[in-house]
Amino acid sequence: MLRRQIISGLAAVAAGALLAGPAFAQDTVKVGLILPMTGPFTSTGKQIEAAVKLYMQQNGDTVAGKKIEVILKDDGGVADATKRLAQELVVNDKVSFIAGFGLTPLAMASAPIATQAKVPMVVMAAGTSTITEASPFIARTSFTTAQSAYVMGVWATKNGIKKVVTLVTDYAPGIDAEKGFTEPFKNAGGTVVESLRVPLQNPDFAPFLQRVRDAKPDALYVFVPSGVGSVLMKQFVERGLDKSGIKLIGPGDVVDDDILNSFGDAALGAITAHLYSAAHPSEKNKAYVEAFKKANPGMRPNFMSVGGYDGMHLIYEALKKTGGATDGAKLIEAMKGMGWESPRGPISIDPETRDIVQNIYIRKVEKVDGELYNVEFDAFEEVKDPVKAAKKK
Ligand code: PHB
């Protein structure tokens with residue numbers, strides 16, 4: 001009797017294990033989110049984390065019958081750490097997606113892991129054009145730096161800017177920013193009198209800004225990665241460039257909504273081309289900004305946040321399309337060609353390149369209700385990455 005009880009007990013445990021094991025594994029879909037939550041690019045990490053949380057708060061944590069679990073890891077903005085974390089998330093945590101990637105080197109280091117593991121990699125921040133070519137499992141919801149750079153180059157010549165000094169951070173997206181602007185600008189008759197490049201780590205802009213003052217261009221075209229704009233603007237004012245009549249133009253990273261308010265009046269009048277402004281006048285964005293601020297007191301959403309928000313949307317919608325199946329190839333296939341309305345405006349994932357197609361707006365820094373905003377006044381619609389478009393020709 002006792003023996004029979006023990007045996008049936010064991011059988012019940014075994015059956016329970018069989019049922020609970022795979023059922024649990026199937027019912028949870030894990031997303032490994034790797035972001036710089038410490039170090040000089042913390043603002044990118046915080047913005048994206050806040051947006052991912054907001055998306056889940058608004059849309060629930062169950063998709064196609066699966067519970068979504070986000071595992072957040074801090075890479076401190078260091079590529080070796082990103083790669084190690086991506087590997088651990090794939091191998092140990094068995095995530096179905098890796099996402100985040102605050103800077104280009106971090107995305108590039110992780111791409112081979114996505115390829116080997118056949119795990120979709122959603123790039124929510126990094127902006128170098130070539131990133132999507134580094135793995136067939138990458139889709140991007142952020143931007144390419146060249147999208148904004150190119151639009152600025154086209155816009156500048158048509159708006160009386162003839163002589164420019166370019167100043168970019170010396171790494172891949174900075175080079176994209178320099179080239180993306182210079183080519184259309186020169187083709188339309190503009191002159192670049194100097195092309196300056198500043199190191200990524202601990203940048204000191206002062207000596208470069210002095211050279212800009214001496215060169216007396218119509219405009220200083222600047223690209224610095226998100227968060228670094230404060231250092232630049234401080235030195236811009238210290239060197240008196242705000243009173244020199246030299247216009248500040250560039251992709252919008254330098255006047256990022258997260259830090260723009262701290263710049264003071266020196267930033268007024270800066271004209272940039274970019275994918276997102278907290279002042280974007282759509283109903284969808286008004287609701288987004290309000291909900292974001294409510295959930296994160298003291299913060300204002302910037303262009304990095306929408307990369308995170310839309311990245312989660314892409315993950316949710318891909319899972320809906322596969323009926324909850326987590327096969328990596330099927331998920332990437334499901335992402336191709338998907339389009340929706342983002343807080344930034346209409347966006348889609350180019351089915352050929354898996355890169356984002358979006359409007360790029362021309363904006364001017366103005367004071368609205370006592371706060372500084374990038375106020376949009378013109379738009380280039382459905383801009384594809386110009387670097388990949390040029391390669392195709
Ligand atoms: C990048 O490293 O790709 C990057 C980071 C921040 C930006 C733009 C590009 O604002």
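Preceding this paragraph is the structure being described.
A few points on the structure.

Thresholds applied
- Residues numbered from 1 in each chain as written.
- Predicted model: local features only at pLDDT ≥ 70, side-chain atom pairs only at ≥ 80, totals over all residues.
- Heavy atoms only, no water.
- Helix = DSSP H or I, 4+ residues; strand = E, 2+ residues; numbered from the N terminus.
- Rg over C-alpha atoms; globule rule 2.2 N^0.38 Å.
- Buried < 20%, exposed > 50% of the residue type's maximum accessible area, 1.4 Å probe, protein only.
- Contact = heavy atoms within 4.5 Å.
- Areas by Shrake-Rupley, 256 points an atom, 1.4 Å probe, with all protein chains shown as cover.
- Lys, Arg positive; Asp, Glu negative; His and termini not counted.
- Charge placed at Lys NZ, Arg CZ, Asp CG, Glu CD.
- Polar contact = N/O pair within 3.5 Å; in protein donor to acceptor, adjacent residues only side chain to side chain.
- Pairing = 2+ DSSP bridges.
- Near = heavy atom within 4 Å.
- Nonpolar A, V, L, I, M, F, W, Y, C, P; charged D, E, K, R; others polar.
- Phe/Tyr/Trp six-rings, centres within 6.5 Å; stacked < 30°, edge-to-face > 60°.
- Lys NZ or Arg CZ within 6 Å of the ring centre and 35° of its normal.

## Thoughts on the overall build of the protein
Thinking step 1. Within the protein one finds twelve helices and 15 strands.
Thinking step 2. In summary, the protein has a C-alpha radius of gyration of 23 Å against a globular reference of 21 Å for 393 residues, a match within 12%.
Thinking step 3. Referenced to the eigenvectors of the C-alpha coordinate spread, the extents of the protein come out at roughly 95 × 45 × 35 Å.
Thinking step 4. Here the protein holds 393 residues, and the buried ones make up 55% of them.
Thinking step 5. Pairs at least 24 residues apart make up 68% of the contacts formed inside the protein by residues separated by at least 6 positions.
Thinking step 6. Taken as a whole, the protein presents about 16,300 Å² of accessible surface, with 54% of it coming from carbon and sulfur.
Thinking step 7. Considering the protein, the positive charge centre built from 45 side chains and the negative charge centre built from 43 side chains are found 3 Å apart.

## As for the environment of M124
Thinking step 1. By secondary structure assignment, the location of M124 is in the loop between strand 5 (121–123) and strand 6 (138–140).
Thinking step 2. Sequence separation of M124 and L33 is 91 residues, and the distance between their C-alpha atoms is 9.7 Å.
Thinking step 3. Once residues within four sequence positions are removed from consideration, M124 is found in contact with L33, I48, V52, A99, G100, T141, S142, M304, G307, G308, G311 and M312.

## So, the side chain of K388
Thinking step 1. Relative to the helices and strands, K388 resides in helix 12 (residues 386–392).
Thinking step 2. Looking at K388, its side chain comes within polar contact range of the side chain of T132, at 3.0 Å.
Thinking step 3. Excluding anything up to four places from it in sequence, K388 contacts S129, T132, E133, R140, T353 and D355.

## A look at the pairing of strand 14 (residues 356–368)
Thinking step 1. When strand 11 (residues 271–274) meets strand 14, the two strands line up antiparallel, connected through four bridges. Across the sheet, the residue bridging to I271 is K364, located in strand 14.
Thinking step 2. Looking at chain direction, strand 13 (residues 345–349) and strand 14 are connected through three bridges and run antiparallel. Bridge pairing links S348 to V357 in strand 14.
Thinking step 3. In textbook terms, the turn of a hairpin is the stretch between consecutive antiparallel strands, and for strand 13 and strand 14 this stretch comprises six residues, one of which, R354, has a positive phi near 65°.
Thinking step 4. Two strands pair when backbone bridges link them, and strand 14 and strand 15 (residues 371–383) are joined in this way by ten bridges, in the antiparallel orientation. Bridge pairing in strand 15 places V368 opposite E371.
Thinking step 5. Between the end of strand 14 and the start of strand 15, which pair antiparallel, lie two residues, with D369 showing a positive phi angle near 50°.

## Quick word on the pairing of strand 1 (residues 28–35)
Thinking step 1. Burial of strand 1 is extensive: seven of the eight residues sit out of reach of the surface.
Thinking step 2. Here eight bridges tie strand 1 to strand 3 (residues 66–74), and the two strands are oriented parallel to one another. If you follow G32 over to strand 3, its bridge partner there is I71.

## Points about the site of the ligand
Thinking step 1. Every one of the 16 residues lining the ligand counts as a neighbour, but T104, G127, Y171, S226 and D253 are closest to it.
Thinking step 2. Its free accessible area being 280 Å², the ligand has 99% of it covered by the protein chains.
Thinking step 3. Its residues assigned to classes, the shell around the ligand shows nine nonpolar, six polar and one charged.

## Here we look at the packing of aromatic side chains
Thinking step 1. Overall, the coordinates contain nine aromatic pairs when judged by the stated rule.
Thinking step 2. Aromatic pair F181 and F185: ring centres 4.8 Å apart, planes at 25°, arrangement stacked. You can see F181 and its partner F185 sitting in helix 6 (residues 172–187), four residues apart, about one turn around the helix.
Thinking step 3. Owing to a relative accessible area of 0%, F181 belongs among the buried residues under this scheme.
Thinking step 4. For F185, a relative accessible area of 0% corresponds to the buried category.
Thinking step 5. Following the ring pairs from residue to residue traces out a cluster consisting of Y55, Y276, Y288, F292, Y309 and Y316.
Thinking step 6. Seen from the ring of Y373, R300 lies directly overhead, with NZ or CZ sitting 4.4 Å from the centre.

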